[in-house]
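Notes for the structure review
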Amino acid sequence: MPELPEVEVVRRGLAAHTTGATIERVETFGHRVLRRHLPGEEDFAGRVAGRRIEAVCRRGKYLWLDLGGEAVLAHLGMSGQLLLARPGDPVPKHLHARFELIDASGAPLLVHFVDQRTFGGLALAGVDADGIPDPVQHIARDPFDPLFDAAVVARRITSRPSGIKRQLLDQTIVSGIGNIYADEALWRAGLHGERRGDRLTKPAVIRLLGHAHEVMADALGEGGTSFDSLYVNVNGESGYFERSLNAYGREGQPCRRCGSLMRREHFMNRSSFSCPRCQPRPRVADGQFRP
DNA sequence: AATTAGCCCTGATTGC
DNA sequence: TGCAATCAGGGCTAAT
């Protein structure tokens with residue numbers, strides 16, 4: 001996280017302010033931010049300077065500035081932010097990169113990449129004929145993609161014995177879903193995350209994917225989820241979807257559907273929140289038994 | 001081939 | 001009060 005809705009909030013903000021802008025100069029701070037740009041910071045700065053931002057794009061949780069033939073690729077990791085600023089504004093804490101732009105109206109504009117935990121990063125990458133950057137090739141289409149095909153994804157999910165939450169979080173199966181929205185989609189669908197994919201029907205998985213799409217669309221409508229004030233739009237503002245969460249973080253609170261007390265389980269080194277009544281555990285857990 | 005452990009990192013929170 | 005342990009966890013890599 002930030003997951004798809006939070007990244008889309010950022011994409012929209014960047015698109016509104018930087019489409020058609022020219023990158024005059026870029027400065028990076030520290031070695032972490034460009035660790036995936038193997039040629040290094042001088043190469044990055046040299047190749048980005050003077051380029052025009054044609055569009056701002058996203059797939060799953062990846063975001064990129066389309067420079068025409070190449071892209072400045074960004075991943076926010078757990079705590080990354082892209083913030084707009086004006087020259088003279090105070091320097092934010094945990095600043096890892098600063099893009100100096102001249103926007104489409106000719107005004108100077110700064111884009112700051114801020115990241116407390118430094119799991120995020122930037123890179124300059126080539127793109128394919130569809131404009132998808134090379135490092136994003138292995139990322140599956142997300143539910144917001146016009147070419148996302150729920151039937152195809154459901155066929156794949158129902159062909160595997162892996163647990164359904166594991167598969168929802170697998171960005172090579174469907175992208176954009178992280179721990180929060182996986183739990184929310186499973187709650188809406190009334191499924192426990194350890195239900196095996198191959199023991200669910202295809203229509204049930206298609207419904208689950210529909211719930212995932214719907215809950216992320218709802219969150220986007222609220223400006224995203226602001227769980228720990230690290231998820232903000234390009235103006236540093238938080239969204240309001242946290243109020244609407246039905247599962248994530250609600251351990252011990254009554255299920256909003258049946259009133260049972262929500263439980264918390266540890267799974268894949270992270271917390272899973274679910275309703276013990278609406279989302280009963282499978283009798284045989286994922287992977288424990290194979291006929 | 002699929003799955004899992006380990007790693008990266010800082011700040012808020014909890015425990016002694 | 002102070003210090004240490006714990007937790008948050010996406011995505012990649014190495015190991016199984």
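Nothing here was measured: the structure is a model prediction, and the numbers come from that model.

It is worth spelling out the side chain of Ser175 at this point. By the element assignment, Ser175 lies in the loop between helix H4 (164–169) and helix H5 (179–189). A relative accessible area of 0% means that Ser175 is categorised as buried. Setting aside its immediate chain neighbours within four residues, Ser175 contacts Leu4, Arg59, Gly60, Ile139, Ala140, Arg141, Asp142 and Pro143.

Attention now moves to the sheet that holds strand E1 (residues 22–28). Strand order in the open sheet formed by four strands is E1-E6-E7-E5, and the pairing between neighbours is antiparallel. Of all the strands in the sheet, the pair left with one neighbour each is E1 and strand E5 (80–85). Adjacent strand axes in the sheet meet at a mean angle of 20 degrees when their direction is disregarded. Relative to strand E7 (residues 108–115), E5 runs antiparallel, the two being bridged by six bridges. If you follow Leu83 over to E7, its bridge partner there is His112. Packed on one face of the sheet, helix H1 (residues 4–18) meets E5, strand E6 (95–102) and E7 and runs near 25 degrees to E5.

A few words now on the packing of helix H3 (residues 150–157) against helix H6 (residues 202–221). Two elements in contact, H3 and H6, have axes whose closest approach is 9 Å; the angle formed by their N-to-C orientations is 120 degrees. The orientation of H3 relative to H6 falls into the category oblique. As H3 runs across H6, the sense of the crossing is right-handed. Across from Ala150, Ala151, Val153, Ala154, Arg155 and Ile157 in H3, the residues of H6 making contact are Lys202, Val205, Ile206 and Leu209. Classifying every residue of the contact of H3 with H6 by side-chain character gives eight nonpolar, no polar and two charged.

Another aspect to go through is the packing of aromatic side chains. What the rule picks out here adds up to two aromatic pairs. Their ring planes at 75 degrees and their centres at 6.5 Å tell us that Phe44 and Phe99 sit as a pair that is edge-to-face. Here Phe44, found in helix H2 (residues 41–48), pairs with Phe99, found in strand E6; they are 55 residues apart in sequence, far enough to count as distant. Since its relative accessible area comes to 3%, Phe99 is described here as buried. Above the plane of the ring of Trp187 lies Arg257, whose end atom (NZ or CZ) is 4.0 Å from the centre.

Basis of the calculations
- Residues numbered from 1 in each chain as written.
- Chains lettered and ligands numbered in written order.
- Predicted model: local features only at pLDDT ≥ 70, side-chain atom pairs only at ≥ 80, totals over all residues.
- Heavy atoms only, no water.
- Helix = DSSP H or I, 4+ residues; strand = E, 2+ residues; numbered from the N terminus.
- Buried < 20%, exposed > 50% of the residue type's maximum accessible area, 1.4 Å probe, protein only.
- Contact = heavy atoms within 4.5 Å.
- Pairing = 2+ DSSP bridges.
- Axes fitted to C-alpha atoms, helices over the stretch in contact; angles between N-to-C directions.
- Parallel < 35°, antiparallel > 145°, perpendicular 65-115°, else oblique.
- Left-handed = near helix turned anticlockwise from the far one by under 90°.
- Nonpolar A, V, L, I, M, F, W, Y, C, P; charged D, E, K, R; others polar.
- Phe/Tyr/Trp six-rings, centres within 6.5 Å; stacked < 30°, edge-to-face > 60°.
- Lys NZ or Arg CZ within 6 Å of the ring centre and 35° of its normal.

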